[in-house]
Each structure stands twice: as structure tokens, then as C-alpha cells.
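Residues per chain are reported as follows:
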Amino acid sequence: MSMFSSFTRELRFFLKQPAAIVLVLVAISLSVFSVWSGLSEVERQQETIERLLVADAKDRAAVLAKESDYGGAAYYSFHLTYDPPSRLAFAALGERDTSPWKHRIRMLALEAQIYESDTANAELAQSGQFDFAFVLSILMPVFLIILLHDLRASERAAGRHDLLVATSASDNNLWRSRAFVRVILLSIGVLIPFLFGAMVSGASLLSIVSVLGIAIAQILFWSFLCLWASARSYAGPTIASGLLAVWMLTTFVVPAMSDAFIEAIIPAPEGGDIILTQRESVNDAWDLPKEATMETFVKEHPEWAEYAEINRPFEWKWYYAFQQVGDQSVADMSEKRRAAILKRDKAAQWFAFLSPSSLTERSLTGVAGTDAKAAMHYQQHVRNFHGSLREYYYPLLFKGAAYEAITLANLPRFKALSDRK
Amino acid sequence: MSNIVVEARNLSVMRGQTPVLSDINFEVRKGEVFALLGGNGAGKSTTLHTFLGLLPPQSGEAILFGKAVHSDVASVRSKVAYLPEAATLYGHLTAIENIEYFLSLAGIKKSSNEIVQALDRVSLQKEAHNQNMERYSKGMRQKTAIALALLRETPVLFLDEPTSGLDPVAIDEFNQLITSLAAAGTTIVMVTHDVYGACQVAHRIALLRRGALVGSFEADEGGKIDTETVHAAFAERAAS
Ligand SMILES: Nc1ncnc2c1ncn2[C@@H]1O[C@H](COP(=O)(O)OP(=O)(O)OP(=O)(O)O)[C@@H](O)[C@H]1O
Ligand SMILES: [Mg+2]
């Protein structure tokens, strides 16, 4: 008998099973909802960025109009930095849920400004968003388990198993085509809302194909596991419990334990400690002899040595120098933290091979550019931009140029890493 | 010789660690009705399961058309229609839908006309044909399963307690049906508790007790087996 005729036979058979149909419909609804909620979250983020961009330009213009020296201009003007959501971010919000993707920074000590909104251990936190990645990595296995675990056991319990087997030319073919129909309908139902979302948000073909590849790998893994289990001669509930135990273990227990393990063996300075250390350095600077501050500053930035003399009780160049010394005081910690986060991320990637759900989630956020690496990349981008502010202002401040409002038009402008990836 | 269709040759079968059939031998020729009698748990259903390739023989052979069943299970299953002991079909489907589905499993397509004819042949009432089977009585389910077995038009029928649940009229009709099928060349192996019915239709009866054959009876020239003799033998040898 041809594959096709068994498929159509089992398709017709499936369409007369209300319980299975309801389950597939539930899966479809959840997928639709996840795509919708992902798209609206991304839209909200984009609107936020657009709104802030308008406000950002307006605020700065207003501030600059009032200021009469460079120090004040730098002090009072904020700059919006942001990481726009990629076109696939709707499907896997990933780190965008937990680590900041926008900042308002000014030319003060930077590290505290970066970590202010990032005090949680975001790099390993599970995404709390109900996005497509959640449906695919966490819920999909449950749907597959429910649909496939008792392929045979239910027939055995109903007393039909022997007749089915004795009647079919090939009973393997029977179970396979039954499973195939269920997996195909479920997969199509779950993936079509994603494809729709990807189309709406204009994702590239390559990224869509990558997501489909990840989805197929996840679906195949659990389908084969369920098929293998369903061929055991245990009762349906026993098989279901076994599979659900595997699901819980690999989806929740293994990631939680490996995260705890990774955090323990790869320590990272806390963002909060970095903030405190930097604030202390900045606050202490007011009471320190100015020469001491300038000396520390010049050690790192010898190009300003000949301009480092402070004569008046308050000078902006001294003020910004001790801000930068504040950054210098935590440069080591911050670097350690970044390195540790990337190292944890790498370790988590290895542990993900013990957890199909984590692997799926990580692969999706990787493709969507919403993973820890992307978050670090953005953070570094903010540092670079902040550096360009200093590059712009320092010559004006240190060389004591007369204030000319016009030059501020040349202020470095923040450019996002990409408009939409 | 070549007209032997079903043959057990020193057949022994285990279920788990328990031996269920031990060293069974019998032959059924083309067009014969062979009835297996025996107490509960004697191993009658197990015998059929073994010939269907659902259970492997521990030793000896289950042979169909000269071929060991376990060497080519698929070809055996295409030649045998099976009526299971507790025939359950899908409750959410009608008799006709059920039959269509199971036939398509075997790669057979029948018109709904032919299916209705088969259901008439086992006298399932017309108004039930298009009702979901969850509303069927035991006898109605049994009739549907018999109709399914008939529609497969296989050269061999394995029937496990085919008359259980049938009313007396239906049993008579069924016995006539079996006789005419056999006359037309169908080979029938039948497990039954109905000694009287078996004596009416069977060409040969075998008594099974605790997995061993303990008696065998052949039909006389008139084509009948004496009910009294079988009854007596059953009470003496086969009752567990
Ligand atoms: N699925 C099974 N697993 C283990 N043992 C089984 C199984 N089915 C039957 N048995 C055992 O095999 C033996 C023979 O069972 P079988 O079903 O062949 O008896 P039977 O002659 O058909 O009885 P009945 O008249 O009650 O239908 C019994 O001892 C029974 O306990
Ligand atoms: Mg039995």
C-alpha cells in the first residue's frame, strides 16, 4: 500500500476524532496567541524607540539652547541609545525581555548608567514571555506527548490492537502513518502562525528557514522519543508519565541545575557592585585633592597631560576627569563581568545539549539576535558611543575653547547597530 | 497433501515465563471447518494469535499454506481474516465507516453497497448501519465484526468465539453461513464454547486442555459429529 493512501486513510480517520482535533486546535490557538503577543511586544518596543527618538532630539535641542558652556552642555544633554528589535525578535524575545535594550546616557561615568537597569542576573534567566519560542521549546513536546504516547496503548486498552495488527498489511506502517498525520497537522498548525508573523515583520528567507530547521529538529526529537515509548507494551498513563517525567527533567530541572552550577563555577561581579564601586569613586573625588584625581586620569590618558592643571575651585575638565576615573575604577570589574557572562553563555550552550528545550530556545534567540551575545554586543556599542562623546567634548573642555553653539550640531549621533536586523 | 492450509507442527508457545501451548499438532485442509474446544484459559485464543503472527512460537511451527507464519507475517495476514474474541471496533464510527476503515487497512476497497449486503448477511438491522457503534449491543458489534471478516474474502478465517453474544436465530444463521463458506472453499478455524454448534458445522473438533491437545473428533459420512460424544469427552478430559 502506498504511503499516500495510508496517509489519506489516517487523515480521514484523524478528522473523526474530536479529542485529537481539539488538542491540535488548542496548539494552533496558543501559537497564534504567541505570535500575536510577540508581534505586539516588538511593536511596543519599536514605538517606544520612535517616541523616545523624537523626545530625545527635542530635549537635547532645548537643553543645548540654554547652555553657555561645553561642560554644562555635556552635563545636561542626554543621548538615547537603543537596540532595535530584529525582524525575528517577535518569535523569540529572549534577552530583550530581561536585559535592557535602551538607555539614556550622558557624559558622566558610564558603567553605573549601563548597569543601573541591569541588576538582575539576566544572562541565564529563562524567558518569561509567551512567545513562539516558548510554544516551540516548552509546549510543543507536551502536545506531542499527548498525541503520540498512547498510539498503541489506547488500542490495546480498547481491545482493538490485535485486530488492527492482524488486519493491516504492515502494522508498522499503520502506527507510523497515524503518528505522521498527527505530527504533521500539529506542526503545520503551530508553524503557520509563525510564518505569518515572519511575513508581517519582513524576516529574511534565510532566518525563516533557520527557524523552520530548528523547529523540525525539536519536533523530530520528541516525535521519535514518543514513538519509541509508545511502542512499549505499558499502559497509556504509564507511558505518558514516563514521557512527562523526561520532559520536566530536561525542560526545567536540567536547565535550573546547570544554571546554578554554571553560576557557581563561573563567578561574575554583580552589576550592583559595579554601580556602588563607581559611585564611591565619584563621590570620593569631591574630597580628594584635584591633582590626585588628575594624576590618575592622566595616567590612562597622557594626551591631556599638558592641560591637566586645575586652578579654579570648579572646572568642568576636572569634573569629567573624575567621572572617567570612576569608570576606570570599575573597568576591571566590568570587563570581568562581560567575560564571565560570555563564558557562562558558552557553558550554557554545552549544557543545552542535555535539554532539547533549552537548545531550541537558545537556537531561536541566536537566529533572532536576542541572545546574551547580542545583548553584550549592544552594551559594547553603548560604550563605544559614550567614548565618542568624550572624544568630542574633551578637546573643547581641556583646550578651553570659547563656547560656540554651532559646533554642537557636530555632536556624535547614536546609530543603532542596525535599523532592523 | 498439498491441500493442507493450516498446520500446527509440535507447536509450543510461551506467554512471558509461562508455557501456554505445548507440543500441539493438527492439520486443517482447504474448505474444512476446524473447531477448537476447551475450558477457559486452555490456550485457544493463544493458538489463533500464534497463527496470526502476534506471538512467536517457542518451538515447533505454525504453518499456513506450507509456510512458517513467522517467516512472512505480512503475507499470512493478507490471507487470513480474524475475528477477535472481544470484537471492539471504533465507537465513534458507524458500522459502515468502521468496515471501510479496517478494509482500507488491508488495502481493500468495497462499495458501500457491498458493505450493506455483508451487514444484511449477518442480519444487522438496517437502522443501525449508520449509527455510531458506541450505541451497539454486544451482539450487534459481533455481527459487524463478522461482516468485516467476510468482506475481506480471504481464503482462511480465524474466528474466536464467533457466536458469543449472538441470539439463537443469529447463531443458526451464522452456522449456515459457515457451512456455505466452507463449501465454497474457505478454510475456517473456529474457537468456540458452543459444543452443539461446533458439532453441526465442524469437520473436525480438537479438545484443548492446559495447552495440550487431549482429543480429536472427525465428522462422519453425514458430515456431523456426535454431540454426546464430544460433551462426554469434554467433561472428562478438557474441563480444567
Ligand atoms: N496477554 C497475556 N499475557 C500473559 N498471559 C496471558 C495473556 N493472555 C492469556 N494469557 C494466559 O495464557 C493462557 C491461555 O490463554 P488463552 O487466552 O489462550 O485462553 P483461552 O483458551 O482462549 O480461554 P477463554 O476460553 O477464556 O478465552 C491463560 O493461562 C492465560 O492466563
Ligand atoms: Mg480465548
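Bear in mind the structure is a predicted one, so any value in this text is a computation, not a measurement.

Considerations on the overall build of chain B
Of the regular secondary structure elements, chain B holds 8 helices and 10 strands. Taking 240 residues into account, the globule formula puts the C-alpha radius of gyration at 18 Å, and chain B, at 17 Å, falls close to it. Considering only C-alpha atoms, chain B reaches an extent of 45 × 40 × 35 Å along its principal axes. Going through the 240 residues of chain B one by one, you find that 54% of them count as buried. At a minimum sequence separation of 6, the contacts of chain B that also span at least 24 residues come to 65%. Surface summary for chain B: the accessible area is close to 10,200 Å², and the carbon and sulfur share equals 49%. Each charge class in chain B was averaged separately, 22 positive and 26 negative side chains, and the resulting centres sit 5 Å apart.

Some words on the pairing of strand β2 (residues 102-105) of chain A
Residues and elements named next belong to chain A. Only one face of β2 is covered, namely the one carrying His103 and Ile105; the face carrying Lys102 and Arg104 has none of its residues buried. Where strand β1 (residues 79-82) lies against β2, 4 bridges are found, and the strand directions are antiparallel. By the bridge assignment, Leu80 is partnered in β2 with Arg104.

A look at the domain arrangement of chain B
Where interface size is quoted, it is often the accessible area lost as the parts come together. All names here are of chain B. Structurally, chain B comprises domain 1 (4-79 + 154-238) and domain 2 (90-152). With centres defined by C-alpha atoms, the gap from domain 1 to domain 2 works out at 24 Å. Across the contact, 16 residues belong to domain 1 and 11 residues belong to domain 2. Summing both partners gives a buried area of about 1,000 Å² for domain 1 against domain 2, and 57% of it is carried by carbon and sulfur. It is Thr154, Leu166 and Leu177 in domain 1 that bury the most area against domain 2; as a group they hold 37% of the surface buried on that side. Where domain 1 packs against domain 2, one counts 0 salt bridges.

Details of the interface of chain B and chain A
Every contact between the two is made by 23 residues of chain B and, on the other side, 21 residues of chain A. Taken together, the two surfaces of chain B and chain A that pack against each other cover about 2,000 Å², and 64% of this comes from carbon and sulfur. At the junction of chain B with chain A, the criterion picks out 2 salt bridges. Residues Arg77 of chain B and Asp171 of chain A are paired through a salt bridge, measuring 3.5 Å at the closest nitrogen-oxygen approach.

Thoughts on helix α8 (residues 227-238) of chain B
Residue and element names in this part refer to chain B. Among the residues making up α8, those that are buried are Thr227, Val230, Ala233 and Ala238. An end-on view of α8 places all buried positions within 130° of arc, on one side of the element. Turned more than 90 degrees away from the buried face of α8, the exposed residues are Glu228, Ala235 and Glu236. Looking at the packing, one finds that the buried side of α8 touches β3 (33-38), α7 (195-201), β9 (204-209) and β10 (212-218).

A few points about the sheet that holds strand β1 (residues 4-15) of chain B
All names here are of chain B. One open sheet accounts for 4 strands, arranged β2-β1-β4-β5; its pairing is antiparallel. Each edge of the sheet is formed by a strand with only one pairing partner; in this case those strands are β2 (18-29) and β5 (67-68). Judged from the 8 bridges that link them, β1 and β2 form a sheet pairing that is antiparallel. Bridge pairing in β2 places Arg15 opposite Thr18. Along the sheet, helix α1 (residues 44-51) makes contact with β1, β2 and β4 (59-64), crossing β1 at roughly 115°.

Quick look at the environment of Leu108 of chain A
Residues and elements named next belong to chain A. Looking at the secondary structure, you find Leu108 in the loop between β2 and α4 (110-115). Owing to a relative accessible area of 12%, Leu108 belongs among the buried residues under this scheme. Put simply, Leu108 and Gly326 are 218 residues apart on the chain and 9.1 Å apart in space, counted from C-alpha to C-alpha. Apart from residues lying up to four places away in sequence, Leu108 is in contact with Tyr75, Gln113, Tyr319, Tyr320, Gln323, His386 and Arg390.

Comments concerning the sheet that holds β10 of chain B
All names here are of chain B. Overall, mixed pairing links the 6 strands, which are arranged β6-β7-β8-β3-β9-β10 in an open sheet. Edge positions in the sheet fall to β6 (80-83) and β10, since each has one partner strand and no second. Averaged over all pairs of adjacent strands, the angle between their axes in this sheet comes to 15°, without regard to strand direction. The pairing of β3 with strand β8 (residues 187-191) spans 4 bridges and is parallel. Each residue of the ladder has a partner; that of Val33, found in β8, is Ile188. Across the face of the sheet, α1 comes into contact with β3, β6, β7 (156-160), β8 and β9 while running at roughly 150° to β7. Across the sheet, helix α5 (residues 138-151) touches β6 and β7, and the angle it forms with β6 is around 175°.

Remarks on a negative patch on the surface
The grouping of Asp220, Glu221, Asp226 and Glu228 of chain B at the surface amounts to a negative patch. If you trace the backbone, Asp226 of chain B turns up in the loop between β10 and α8.

Section: the coordination of the magnesium ion (ligand 2)
All names here are of chain B. Each protein donor to the magnesium ion (ligand 2) is listed here as Ser45 (OG), Glu85 (OE) and Glu85 (OE); together their distances run 2.0 to 2.7 Å. Separated by 40 residues along the polypeptide, Ser45 in helix α1 and Glu85 in the loop between β6 and α3 (95-105) bring together distant segments of the chain. Looking at Ser45, the relative accessible area reads 15%, which means it is buried.

Focus on the pattern of salt bridges
All names here are of chain A. In total, this model carries 27 salt bridges over all chains according to the counting rule given. A salt bridge links Glu41 to Arg44; the shortest N-O distance between them is 2.9 Å. Of this pair, Glu41 and Arg44 both sit in helix α2 (residues 18-66), 3 residues apart, which is roughly one turn of that helix. Where Lys336 meets Asp332, a salt bridge forms, and the shortest distance between an N and an O atom there is 3.6 Å. One end of the pair is Lys336 and the other is Asp332, both in helix α13 (residues 316-351) and 4 residues apart, which spans about a single turn. A relative accessible area of 52% means that Asp332 is categorised as exposed. Through salt bridges that share partners, Arg9, Glu10, Glu155, Arg160 and Arg178 make up one connected network.

How each quantity is defined
- Residues numbered from 1 in each chain as written.
- Chains lettered and ligands numbered in written order.
- Predicted model: local features only at pLDDT ≥ 70, side-chain atom pairs only at ≥ 80, totals over all residues.
- Heavy atoms only, no water.
- Helix = DSSP H or I, 4+ residues; strand = E, 2+ residues; numbered from the N terminus.
- Rg over C-alpha atoms; globule rule 2.2 N^0.38 Å.
- Buried < 20%, exposed > 50% of the residue type's maximum accessible area, 1.4 Å probe, protein only.
- Contact = heavy atoms within 4.5 Å.
- Areas by Shrake-Rupley, 256 points an atom, 1.4 Å probe, with all protein chains shown as cover.
- Lys, Arg positive; Asp, Glu negative; His and termini not counted.
- Charge placed at Lys NZ, Arg CZ, Asp CG, Glu CD.
- Pairing = 2+ DSSP bridges.
- Domains from an automatic or database assignment.
- Buried area = accessible area lost by both parts, 1.4 Å probe.
- Salt bridge = Lys/Arg side-chain N within 4 Å of Asp/Glu carboxyl O.
- Arc of directions from axis to C-beta.
- Axes fitted to C-alpha atoms, helices over the stretch in contact; angles between N-to-C directions.
- Patch = residues over 30% accessible without salt bridge, like charges linked within 9 Å, V, L, I, M, F, W, Y side chains within 5 Å.
- Donors = N, O, S within 2.8 Å, 3.2 Å for Na, K, Ca; no water.

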